[in-house]
Amino acid sequence: MNLVSIPFNMPFLEILAKRWMTEVQNQPDMIRQGIILVPNQRTVKALIDTFLRITKGKPILLPRIMSIGAIDESALILKGEHAFSLPPAVDPILRTSLLTKLIMRMDQSLEHKEQAGEIWKLACSLAELMDEAEWADCSLHEALPKAVDGEYAEHWQNILKFLTIITDIWPQWLLDNQVMNPIARKVALLRIQAHYWQELGSNEPVWAVGFIDARPAVVELLSSIMQMSKGKLIVTGIQEDLPEDIWSDLSLTHPYAEMAKMFTALGVKRFDFQIWQDEETRLVPFERVKAFQQTLLPAELLDQWLADQDTVSLPNCYLSEPRDQQQEAVSIALIIRDALEQPEKIVALVTPDRNLAMRVALELGRWGIVADDSAGEPLYKTPAAILLSLLTRACIEKFTPVSLLSLLKHPFVCCGYVHKTCREYTRLLEVNILRQFAASGLETIGYATRQRIAELELSHPEYLGEQSTQFLAHASEILNLIHLLERFMAPLLEGAYKRSADQWAIALVEVAEALTSNVEQAGEELLWTAEEGNALAEHLRNIIAEAQILSEITLQEFEGILNASYTGMIVHTRRVLRGRKDKELHPRVYIWGLIEARLQVVDMVILGGLSEGVWPPVIDSGPWISRPMRTKMRIPLPDAEVGRSAYDFMLLCCSVPEIVLSVPLQRDNAPVVPSRWITRLKAWLKGRDGVIVEHPALSWAKLLDQPKGAANPIAPPRPTPPLVWRPKSISITDVEYWLKDPYEIYAKRILKLRKIVGLEEDRSASIFGNVVHDGLKRAYQQIGWDEGKVQECMIQALEERRDIIPSMREWWRSRVLKIAQWVYAQEQERRNQKNFGCVYSEISGSYDFSEETGIAFTLRGIADRIDLNYDGTIEIFDYKTGQAPSIESVQRGNSPQLILEAVMAYRGAFGPNLADKIIIQLYYWSLKGGLDNDKQIKIGKKIKDKSGQEISIEANISQLMQDHWQALIRLIQRYNDPKQPYLSRPRPYLFDKSSSGGIPRFGDYAHLARVLEWSSMAEGE
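Since this is a predicted model, take the numbers as computed values, not measurements.

1. So, the overall build of the chain
Then comes step 1: Assigned secondary structure in the chain consists of 40 helices and 25 strands.
Then comes step 2: For the chain, the C-alpha radius of gyration of 39 Å lies well beyond 31 Å, the compact-globule estimate for 1021 residues.
Then comes step 3: Taking the principal axes of its C-alpha atoms as reference, the chain extends roughly 125 × 70 × 65 Å.
Then comes step 4: Contacts in the chain between residues far apart in sequence, at least 24 positions, make up 76% of those at least 6 positions apart.
Then comes step 5: Counting every atom, the chain has about 48100 Å² of accessible surface; 52% of that belongs to carbon and sulfur.
Then comes step 6: Considering the chain, the positive charge centre built from 113 side chains and the negative charge centre built from 132 side chains are found 5 Å apart.

What follows is the structure, encoded as structure tokens:
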């Protein structure tokens, strides 16, 4: 038998290629004759590169180098009557669609739109179970009933009934349609080839290289190669010092478990293997190989740790323990960057954690390094797939602001415009409509847009900001954009509510192509080009061709199915290079998964994500059969995956000259358990007074983004704009901000900055306040007065608002009716009084201070309600649907709005008929319509002066009016001085710290004033 082993610390592929050329006596015409069979496609490429490196780039014809994972009739030398007689393999999409339909029929309770994607995943898990059984030569029809006997719980009996889908129904469907499961066909092909080689052999060399695979069909193929005169089985890294009884009964989680199982199935012993080695090319000292083999000894042999406790060192072996995933990515990127300083040094990151791989790739972009990431990119993360996901989500959510903007801001979407124009119209629509209007739906958004345009057209151009001016200038184009969206979306929104999966897919493709087309480029040219576009187009083509069986499903069900269908789909793309000047991957940086890294040789490797649950992976027996059932059915336990990842770990640690072991301490903000192999390695070294040297990359990472020098405290802002820039008018409501936080006036009125409302931000409080104010205004405009009219006006104001979601509208209906009932009761009481006169509702006014101050300055305001009584006195009301200021806050001057309204009325700002009238009371109406009763708060009160003499309510209000007015005059005069700064929160004591009154401690501009950087908020919070 031709059995060969190459030690771990030798360059496996290099020795292999040299031996191949030696075997054919370096005759170029003989090199091409023969077959080299390898475990995966990455090894194919690496072996080809190795041959070219040995021949120094000289052109030669290489042997056929094939991956066992890509076996088909064209790949192998198949002859005989059974060579091409196998039925075709069933399409994977068709198989999953049929299994999904069978699951739905089997359990009607699963037919819910939220579960459509989960049902697809269940179908995939059924397909995986069939694949596992076929690799293991297990007949599910025969084995499952025997595996589930009376000793198991009743629910396993129910699962067995459910699994008749794959034991009875599915096999019959395959037979009726003359097709095979893909794995069953691959197994059959391997066995046909094995049978052919067993009978006829081969005159050419056939080498099986790097296998640790004990699956029966693979074992048969390897056995046929071993029996050929020119056949060879070549493995790497056999551990010879393990006792035979231990070797033959290794735990599934041991690195050599799969290799030992393969040797047993082949009927060979470790000592049957011939050793190929070349001491001149040894990559790693034998001491390191010995250390890792000792570290990973089976539990039965751990007493050997006590046998030899001489001090051990592991040169060129480093440990890195970053705080979390981000620090791990940064430190790994720095290690790679440092390695590239050495000419010709090749470095690779090996990790099963795709999230870590992507983070590292992004961090390498700091230095313009583009790594060759052979693990590929998930199909669902490619731009076109993301567009399809955003498109279906927007339709399902009925175009909420977030879903609509997510779609419109996708880089492919242009709606017939050039991309720059579409982005500009989208921005204007966002700022002026979607961030101001809470409702959803293209029709509602169109209504809001037309309403906003009408409002702006009535406004004076001087008062329009830049955004509003631009919005008005492009009003017709923005309306056209909404119209185009309605037209493009029609294939998904119109027609049947339920369709088949292929019809939904066709409509989705049609809409996506329409949204991405413009005069310069058709949508299909953008969506379905390059590697990722071709892969997605092929996937959708398969869904359209094979998924008709899934009929009568909603768009939401189709979304779940489409998203689930991407699972496990990887595309190898060069998208990262597009738009770059050099357009080249870095020739000395690689990112590999575990399979891709096997048998590769580089100068330095970083093993990333060494934590339990990542490397090694989580053990999962699957949703259908338990561990004891797997044992009875002779289907491999999932523990074998841990053993294979352990072998990959040991292979990398023992075959690469320089290694870095990266063990994050946290993952997703939770502590992690370090990989069991790292824990063992530390324990083994501790008994020998050895340690793994800590790599300095973490100290580099801490310094990477730190500013130079210590942090310098900053002073509060003191802006002093010129007088010509300072506002010449102010509203009554803004006076409170001017008094408490002048910087807010500076930012809003001088810098003209406005807070951008958050998308779908909760604006219910302000909307409810507007509804109540509008409803009461309508009620007071009515001729006559009864409770029914008040309720009608309030409901009318509520119904006319288009930016209220239905559930909120129904809740508010009861609230406004309760408010209407309370207002009617108050109004009836007032109107029954002889002194009742007339009501002025929502009356606006302004007052010019030029005569009093010599400064052209205007105070503006709108009074919610002013009552002119029969005796000529005045009462003023202010409605509060939120928290009303406390009486103490108003008396102290912290909330001056209502008092200033009284002064304006007295001085004729709201009309001459209200001027010079005695104001007998000021009211706040707290109108909430909730569980708490609405109430009336009287501001004026009888007080005693310093001498103890009682002051009437009217005198109290008059004194408040004088004090507030003089304070406002002083404020106007003070800010007419160009040296007076607009300070941020200069009087913290004015902020009302009670549950009522005052403006928010931090306003809309606190971040602009950098309040948290210069103020101490620890005291008195």
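2. Describing the sheet that holds strand S8 (residues 347-350)
Then comes step 1: Taken in spatial order, the seven strands make up an open sheet running S9-S12-S8-S13-S14-S7-S17, and their pairing is parallel. Two strands in the sheet have a free side with no partner beyond their single neighbour: strand S9 (372-373) and strand S17 (693-694).

3. Brief notes about the packing of aromatic side chains
Then comes step 1: All told, the structure shown has 29 aromatic pairs when counted by the stated rule.
Then comes step 2: With a centroid separation of 5.7 Å and 45° between ring planes, the pair formed by Trp 247 and Tyr 256 is classed as tilted. Just as Trp 247 is buried, Tyr 256 falls in that class too.
Then comes step 3: Centre to centre, the rings of Phe 849 and Phe 857 are 6.5 Å apart; their planes meet at 65°, and the pair counts as edge-to-face. Here Phe 849 and Phe 857 have matching classes, each one buried.
Then comes step 4: The residue whose ring lies beneath Arg 215 is Trp 135, and the NZ or CZ to ring-centre distance is 3.9 Å.

4. So, the packing of helix H18 (residues 419-434) against helix H19 (residues 442-458)
Then comes step 1: Their axes nearest at 10 Å, the elements H18 and H19 cross at an angle of 80°. Classified by the angle their axes make, H18 and H19 are roughly perpendicular. Contacts from Leu 429, Asn 432, Ile 433 and Leu 434 in H18 reach Ile 445, Ala 448, Thr 449 and Arg 452 in H19.
Then comes step 2: Its residues assigned to classes, the contact of H18 with H19 comprises five nonpolar, two polar and one charged.

5. Considering unusual backbone geometry
Then comes step 1: The residue after Trp 615, namely Pro 616, is reached through a cis peptide bond having omega 15°.
Then comes step 2: Along the polypeptide, Pro 616 turns up in the loop between strand S13 (604-607) and helix H27 (627-633).
Then comes step 3: Even without being a glycine, Asp 689 presents a positive backbone phi close to 55°.
Then comes step 4: Counting through the fold element by element, Asp 689 comes out in the loop between helix H29 (676-686) and S17.
Then comes step 5: Positive phi, normally seen in glycine, also occurs at Lys 752, with a value near 60°.
Then comes step 6: As for its position among the elements, Lys 752 is in the loop between helix H32 (742-750) and helix H33 (764-781).

6. Observations regarding the state of the cysteines
Simply put, disulfide is the name for a covalent bond between the sulfur atoms of two cysteines.
Then comes step 1: Summed over the entire model, instances satisfying the criterion amount to zero disulfides.
Then comes step 2: Looking at the unpaired Cys 653, the closest cysteine sulfur is the one in Cys 654, lying at 6.3 Å.
Then comes step 3: The class of Cys 653 is buried, set by a relative accessible area of 0%.

7. Topic: the side chain of Glu 363
Then comes step 1: Considering the arrangement of structural elements, one finds Glu 363 in helix H15 (residues 354-364).
Then comes step 2: Judged by its relative accessible area of 11%, Glu 363 is buried.
Then comes step 3: Of the polar contacts made by the side chain of Glu 363, one reaches the side chain of Arg 366; its length is 2.8 Å.
Then comes step 4: When residues no more than four places from it in sequence are discounted, the contact partners of Glu 363 are Gln 326, Ala 329, Val 330 and Ala 333.

8. Considerations on the pairing of S13
Then comes step 1: Along S13, one buried face is formed by Met 604 and Ile 606 and the opposite face, lined by Val 605 and Leu 607, is buried too.
Then comes step 2: Bridge count between S13 and strand S14 (residues 658-662): four bridges; the pairing is parallel. Counterpart to Met 604 in the pairing with S14 is Glu 658.

9. Quick word on the side chain of Asp 353
Then comes step 1: Residue placement: Asp 353 occurs in the loop between S8 and H15.
Then comes step 2: Among the polar contacts listed, one links the side chain of Asp 353 to the backbone nitrogen of Asn 355, at a separation of 3.0 Å.
Then comes step 3: When neighbours within four sequence positions are excluded, Asp 353 is seen to be in contact with Val 614 and Arg 667.

10. Quick word on the pattern of salt bridges
Then comes step 1: Enumeration according to the criterion identifies 45 salt bridges in this entry.
Then comes step 2: The partner of Arg 778 in a salt bridge is Glu 800, and the shortest N-O contact between them spans 2.6 Å. In this pair, Arg 778 is assigned in helix H33 and Glu 800 in the loop between helix H34 (787-799) and helix H35 (806-831), connecting sequence segments 22 residues apart.
Then comes step 3: You can call Arg 778 buried: its relative accessible area is 18%.
Then comes step 4: In this structure Glu 800 comes out as partly exposed when scored by relative accessible area, which is 42%.

11. Quick word on the environment of Tyr 497
Then comes step 1: Structurally, Tyr 497 is set in the loop between helix H21 (475-493) and helix H22 (501-516).
Then comes step 2: The spacing of Tyr 497 and Glu 552 is 55 residues in sequence and 8.6 Å in space, taken between C-alpha atoms.
Then comes step 3: Contact partners of Tyr 497, with chain neighbours within four places excluded, come to Trp 504, Ile 553, Thr 554 and Leu 555.

12. Description of the nonpolar core
Then comes step 1: In terms of nonpolar packing, the biggest core is built from 83 residues, with Met 259, Phe 263, Phe 292, Leu 607, Trp 615, Phe 649 and Leu 661 touching the most fellow members.
Then comes step 2: At eight residues, the largest contribution of residues to this core is made by helix H28 (residues 639-655).
Then comes step 3: The residues contacting Phe 292, other than those within four sequence positions of it, are Cys 317, Phe 649, Met 650, Cys 653, Cys 654, Ile 659 and Leu 681.

13. A word on a nonpolar patch on the surface
Then comes step 1: A surface patch of nonpolar side chains, about 210 Å² in accessible area, is lined by Leu 751, Leu 753 and Leu 1008.
Then comes step 2: Relative to the elements of secondary structure, Leu 753 occurs in the loop between H32 and H33.

14. What about the sheet that holds strand S6 (residues 274-275)?
Then comes step 1: Pairing is parallel across the open sheet formed by six strands, whose spatial order is S3-S2-S4-S5-S1-S6. Every interior strand has two partners, whereas the edge strands, strand S3 (64-67) and S6, have only one.

15. Observations regarding the pairing of S14
The side chains of a regular strand alternate between both faces of the sheet.
Then comes step 1: Counting buried residues along S14, five of its five residues qualify, which places the element largely inside the surrounding structure.
Then comes step 2: Where burial is concerned, the two faces of S14 agree: the one with Glu 658, Val 660 and Ser 662 and the one with Ile 659 and Leu 661 are both buried.
Then comes step 3: Both strand S7 (residues 317-320) and S14 contribute to a ladder of four bridges, which runs parallel. Opposite Ser 320, over in S14, you have Ser 662 as the bridge partner.

16. Details of the confidence of the model for the chain
Any region with low pLDDT has predicted coordinates that should not be read closely.
Then comes step 1: Put simply, the chain has an average pLDDT of 87, and 93% of its residues get 70 or more.
Then comes step 2: This model gives residues 993-1000 a pLDDT under 50, and the stretch forms 21 contacts once residues within four places in sequence are excluded.
Then comes step 3: Residue range residues 1017-1021 is modelled with pLDDT below 50. Its contacts to residues more than four positions away, or to other chains, number seven contacts.

17. Here we look at H28
Then comes step 1: The terminal C-alpha atoms of H28 lie 25 Å apart, and with 17 residues this matches the ideal 24 Å at 1.5 Å per residue to within 8%.
Then comes step 2: Where burial is concerned, most of H28 is hidden: 15 out of the 17 residues are buried.

18. Overview of the packing of helix H14 (residues 325-339) against H15
Then comes step 1: Contact geometry for H14 and H15: axes closest at 8 Å, N-to-C directions at 55°. Viewed along their axes, H14 and H15 adopt a mutual orientation that is oblique. Considering only the axes of H14 and H15, their crossing is right-handed. Mapping the contact onto sequence places Gln 325, Gln 326, Glu 328, Ala 329, Val 330, Ile 332, Ala 333 and Ile 336 in H14 and Asn 355, Leu 356, Arg 359, Val 360, Glu 363 and Leu 364 in H15.
Then comes step 2: Of the residues that constitute the contact of H14 with H15, the class distribution is eight nonpolar, three polar and three charged.

19. Concerning H32
Then comes step 1: Within H32, eight of the nine residues are buried, which leaves it mostly tucked inside the rest of the structure.
Then comes step 2: Immediately beyond the C-terminal end of H32, within one or two residues, lies Lys 752, with a positive phi of roughly 60°.

20. Looking at the environment of Asn 203
Then comes step 1: Mapped onto the fold, Asn 203 is located in the loop between helix H9 (182-200) and strand S4 (206-209).
Then comes step 2: Sequence spacing of Asn 203 and Pro 255 is 52 residues, and the spatial spacing of their C-alpha atoms is 35 Å.

Scoring rules and cut-offs
- Within each chain, residues carry numbers counting from 1 in the order of the written sequence.
- pLDDT decides what is reported in this predicted model: residues at 70 or higher carry local features, side-chain atom pairs at 80 or more are listed and counted, and totals for whole chains, interfaces and linings draw on all residues regardless.
- Heavy atoms throughout the structure, all of them, feed into the side-chain values; hydrogens and water do not.
- Helix and strand definitions here come from DSSP, where helices need a minimum of 4 consecutive H or I residues and strands a minimum of 2 consecutive E residues; each element is numbered from the N-terminal end.
- Here the radius of gyration uses the C-alpha set of atoms, whereas the globule reference equals 2.2 Å times the residue count to the power 0.38.
- A contact between two residues is defined here by any heavy atoms of the two lying within 4.5 Å.
- For accessible areas, the Shrake-Rupley method is used with a probe of radius 1.4 Å. Any residue's cover is judged against the shown protein chains and nothing else.
- Positive charge is attributed to Lys and Arg, negative charge to Asp and Glu, and no charge count is given to His or to the chain ends.
- Charged side chains are reduced to one point each, which is NZ for Lys, CZ for Arg, CG for Asp and CD for Glu.
- One bridge is not enough; two strands pair if DSSP finds at least two bridges between them.
- Only the six-membered ring of Trp is used, alongside the rings of Phe and Tyr, when aromatic pairs are assigned; centres must lie within 6.5 Å, and planes under 30 degrees apart are stacked while those over 60 apart are edge-to-face, with the rest tilted.
- Here's how the labels work: a residue is buried when its accessible area is under 20% of the maximum for its type, exposed when over 50%, partly exposed in between, all with a 1.4 Å probe on protein chains only.
- Counted as over-ring charges are cases with an Arg CZ or a Lys NZ within 6 Å of the ring centre that also lie within 35 degrees of the ring normal.
- What counts as an axis is a line fitted to C-alpha atoms, over the stretch in contact for a helix, and the angles between N-to-C directions run from 0 to 180 degrees.
- Relative orientations are named as follows: roughly parallel for angles under 35 degrees, roughly antiparallel for angles over 145 degrees, roughly perpendicular for angles from 65 to 115 degrees, and oblique for any other angle.
- Residue polarity is assigned by list, with Asp, Glu, Lys and Arg as charged and Ala, Val, Leu, Ile, Met, Phe, Trp, Tyr, Cys and Pro as nonpolar; anything else, Gly included, falls into the polar class.
- By definition, disulfides here are pairs of cysteine sulfur atoms that lie within 2.5 Å.
- N or O atoms closer than or at 3.5 Å make up a polar contact, with two conditions inside protein: a donor-capable atom paired with an acceptor-capable one, and, for residues adjacent in sequence, both atoms drawn from side chains.
- Salt bridges are counted wherever a side-chain nitrogen of Lys or Arg sits within 4 Å of a carboxyl oxygen of Asp or Glu.
- What we call a nonpolar core is a set of buried Ala, Val, Leu, Ile, Met, Phe, Trp, Tyr and Cys residues that are connected through their side-chain atoms within 4.5 Å.
- Exposure above 30% relative accessible area and the absence of a salt bridge qualify a residue for a patch, where like charges join within 9 Å and nonpolar side chains (Val, Leu, Ile, Met, Phe, Trp, Tyr) within 5 Å.
- Confidence scores per residue from the predictor, reported as pLDDT, run from 0 to 100.
- By definition here, a helix of n residues has an expected span of 1.5 Å times n minus one.
- Should the near helix be turned anticlockwise from the far one by less than a right angle, the crossing is left-handed, and should it be turned clockwise, the crossing is right-handed.

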